[in-house]
Amino acid sequence: MAINPAQFDAVVDALRRVLPCERPADAVLSAYFRDMRKLGAQDRHLIAETIFAVLRRRAFLTALTAPSATPRRLVIASLIKVRGLNVRELDGILTEAEKKWVVELKAAHPELDLAGRAELPEWVVDALRAGGQDDDAIVALGHSMQNSAPLDLRANTLKMRREDVLAALRAAGLELAPTPFSPVGLRVKGKPPINRHPLFLEGAVEVQDEGSQLLGLLVGARRGEMVVDFCAGAGGKTLAIGATMRSTGRLYAFDVSAHRLDALKPRMARSGLSNIHPAAIAHERDERIKRLAGKIDRVLVDAPCSGLGTLRRNPDLKWRQSAKAVQELVVKQAAILDSAARLLKPGGRLVYATCSILPQENEAIAEAFTAAHPDFLPLDAGEVLGQLKVEQAASLCSGGETGTAYLRMWPHRHQTDGFFAAVWTRKG
């Protein structure tokens, strides 16, 4: 993709706003595009793609451009070393001094430590090492995060079987295939505007990463049950759970953000589900939760977390998160899980999940909960998924200290976002 001087200047200007990494990059870019209304759709796409390319390879590009890693130099280095453009393709953009620098840049191969090679902050690398990941695995994980995520869809089986969705989308000219693990998932080649397709508008498909689909399946919700999605957000997993319940029973979608829950309402309308009851709560000990204690069949706790499993989509997150913020999150995660567990009736199922790759947000929370709650029996996530017709279920799971397997999805191994899940049943 060529870039002209006006587009280049816009990229540099936008990157200057994004780089403090104080706010999500997509939010900063949205504000920038609102300010620059003259930019066309192609311009916006090029600007966003170039900036996300810089964010994905920021450590490498910073080393290349040291000691002066200005937004302009970072963009030039990205175009030359990542995109593979040559000097002629940047004619009218580079100064004479920059042209000489680019010649040197092409031959440059900076020495990088493990964190730099993996394009991950050092504190993340330390946490992964502490969790048993070797250096090769950390580099492979980091490299996988430098690619953009594929477009995964979930067939809403309340309206249409996966095979029928697959056939209809192929007939419409889309290239796609069933996902390798989820029995209701589809992976689309490229990034077609699926939100304008009739099947999306009719609620027959939802955009949802395959790993996220597996979290919804782990809940194992059945017809007529009472189920709680404790941290529902915009409700992607809520909708998936509602479909497995065949729109029967009662499915509570709790979240502390009424704004996030508002995004669920149009999705509910498309989905055809009538059993979902969204409710904003003040905190994990809200009165609504106390009233339901001991009455619920299934609870999903998709806990607020660092989000470091989603770096393919949000590469700026690794520069916005910190070890201190994770320490604060861990306290919150334990409190939320403890409170949510009180909802379950004897024989009920509890699922704790994150989109994090850090062991302190995952295995450590699960092991501590098991130790503190002898009335909760850990279940093998691989066995649970196998019963739910998930392909290669055992290969997606690994053991904890208790010997019980947790769901562990990795971008470099499974081509999903990074996910973790632990499963328990409350003893009768």
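This text follows the structure it describes.
Attention in this report is confined to the structure presented alongside it.

Cut-off values and rules
Residues numbered from 1 in each chain as written. Predicted model: local features only at pLDDT ≥ 70, side-chain atom pairs only at ≥ 80, totals over all residues. Heavy atoms only, no water. Helix = DSSP H or I, 4+ residues; strand = E, 2+ residues; numbered from the N terminus. Rg over C-alpha atoms; globule rule 2.2 N^0.38 Å. Buried < 20%, exposed > 50% of the residue type's maximum accessible area, 1.4 Å probe, protein only. Contact = heavy atoms within 4.5 Å. Areas by Shrake-Rupley, 256 points an atom, 1.4 Å probe, with all protein chains shown as cover. Lys, Arg positive; Asp, Glu negative; His and termini not counted. Charge placed at Lys NZ, Arg CZ, Asp CG, Glu CD. Salt bridge = Lys/Arg side-chain N within 4 Å of Asp/Glu carboxyl O. Phe/Tyr/Trp six-rings, centres within 6.5 Å; stacked < 30°, edge-to-face > 60°. Lys NZ or Arg CZ within 6 Å of the ring centre and 35° of its normal. Pairing = 2+ DSSP bridges. Axes fitted to C-alpha atoms, helices over the stretch in contact; angles between N-to-C directions. Parallel < 35°, antiparallel > 145°, perpendicular 65-115°, else oblique. Left-handed = near helix turned anticlockwise from the far one by under 90°. Polar contact = N/O pair within 3.5 Å; in protein donor to acceptor, adjacent residues only side chain to side chain. Disulfide = S-S within 2.5 Å. Core = buried A, V, L, I, M, F, W, Y, C linked by side-chain atoms within 4.5 Å.

1. Concerning the overall build of the protein chain
What the protein chain contains, in helices and strands, is 21 helices and 13 strands. For 428 residues, the compact-globule estimate of 2.2 N^0.38 gives 22 Å, and the protein chain sits close to it at 23 Å. Expressed as a percentage of its 428 residues, the buried residues of the protein chain come to 54%. Of the contacts formed within the protein chain by residues at least 6 apart in sequence, a portion of 72% connects residues at least 24 apart. Carbon together with sulfur atoms contributes 51% to the accessible area of the protein chain, which is approximately 18600 Å² in total. Distance from the positive charge centre (58 side chains) to the negative charge centre (49 side chains) of the protein chain: 5 Å.

2. Details of the pattern of salt bridges
Following the criterion strictly, the structure yields 27 salt bridges and no others. The salt bridge involving Arg161 is made with Asp164; its shortest N-O contact spans 3.1 Å. Assessed through its relative accessible area of 32%, Asp164 is described here as partly exposed. Measuring nitrogen to oxygen at the nearest pair gives 2.9 Å for the salt bridge that ties Arg320 to Asp316. Using a relative accessible area of 29% as the deciding quantity, one classes Arg320 as partly exposed. A relative accessible area of 2% places Asp316 in the buried class. Salt bridges sharing common partners tie together Asp209, Arg312, Arg313 and Asp417.

3. A short note on the packing of aromatic side chains
This model, assessed by the stated rule, comprises seven aromatic pairs. Aromatic pair Tyr406 and Phe420: ring centres 5.2 Å apart, planes at 55 degrees, arrangement tilted. With Tyr406 in strand S12 (residues 405-409) and Phe420 in strand S13 (residues 419-426), the pair connects residues that are 14 residues apart, well separated along the chain. Across this residue pair, the class does not change: Tyr406 and Phe420 are buried. In textbook terms, an aromatic cluster arises when at least three aromatic residues are bridged by ring pairs, as seen for Phe230, Tyr252 and Phe254. The positively charged end of Arg58 is found above the aromatic ring belonging to Trp319, 5.4 Å away from the centroid. The residue whose ring lies beneath Arg73 is Trp101, and the NZ or CZ to ring-centre distance is 4.1 Å.

4. Considering the pairing of S13
Among the eight residues in S13, seven count as buried, and that is most of the element. By the bridge criterion, three bridges tie S12 to S13 in an arrangement that is antiparallel. Counterpart to Arg408 in the pairing with S13 is Phe420.

5. A word on unusual backbone geometry
With an omega dihedral of 5 degrees, the bond running from Ala66 to Pro67 counts as a cis peptide bond. Checked against the element boundaries, Pro67 lands in the loop between helix H4 (58-65) and helix H5 (71-82). Even without being a glycine, Lys389 presents a positive backbone phi close to 65 degrees. Its location among the elements puts Lys389 in the loop between helix H20 (381-387) and strand S11 (397-399).

6. Describing the packing of helix H2 (residues 25-35) against helix H3 (residues 41-56)
Where H2 meets H3, the closest approach of the two axes is 11 Å, and the angle between their N-to-C directions is 150 degrees. Considering their axes alone, H2 and H3 lie roughly antiparallel with respect to each other. Our pair here, H2 against H3, has a crossing hand that is right-handed. Between H2, through Ala25, Asp26, Leu29 and Phe33, and H3, the contact on the second element is made entirely by Arg44, Ile47, Ala48, Ile51, Phe52 and Leu55.

7. Digging into the sheet that holds strand S2 (residues 176-178)
Across a sheet, strands are paired by hydrogen bonds formed along the backbone, either parallel or antiparallel in direction. As summarised here, the arrangement of the four strands in space is S2-S3-S1-S4, forming an open sheet in which the pairing is antiparallel. Two strands bound the open sheet, and with one partner strand each, they are S2 and strand S4 (205-207). In this sheet, adjacent strand axes meet at a mean angle of 30 degrees when their direction is disregarded. Across three bridges, strand S1 (residues 151-155) lies against S4 in antiparallel orientation. Opposite Ala155, over in S4, you have Val205 as the bridge partner.

8. Re the side chain of Arg267
On the secondary structure map, Arg267 appears in helix H15 (residues 264-271). A distance of 2.9 Å separates a polar atom in the side chain of Arg267 from the backbone oxygen of Ala234. Residues in contact with Arg267, not counting those within four places in the same chain, are Glu206, Val207, Ala234, Gly235, Gly236 and Leu239.

9. A word on the state of the cysteines
What the rule picks out here adds up to zero disulfides. Here Cys305 stays free of any disulfide, with the sulfur of Cys355 as its closest cysteine sulfur at 3.6 Å. Overall, the relative accessible area of 17% leaves Cys305 in the buried class.

10. Considerations on the nonpolar core
A general tendency of soluble globular proteins is for nonpolar side chains to be buried together. In this structure, Ile3, Phe8, Leu29, Ile47, Ile51, Leu55 and Leu90 are the most contacted members of the largest nonpolar core, which totals 39 residues. The set of elements that each furnish at least two residues to this core consists of helix H1 (5-18), H2, H3, H4, H5 and helix H6 (96-107). Those residues in contact with Leu90 that sit more than four places away from it in its chain are Ile3, Leu79, Ile80 and Leu85. One finds Phe181, Leu215, Leu407 and Met409 within the second-largest nonpolar core, a separate group that totals 35 residues.

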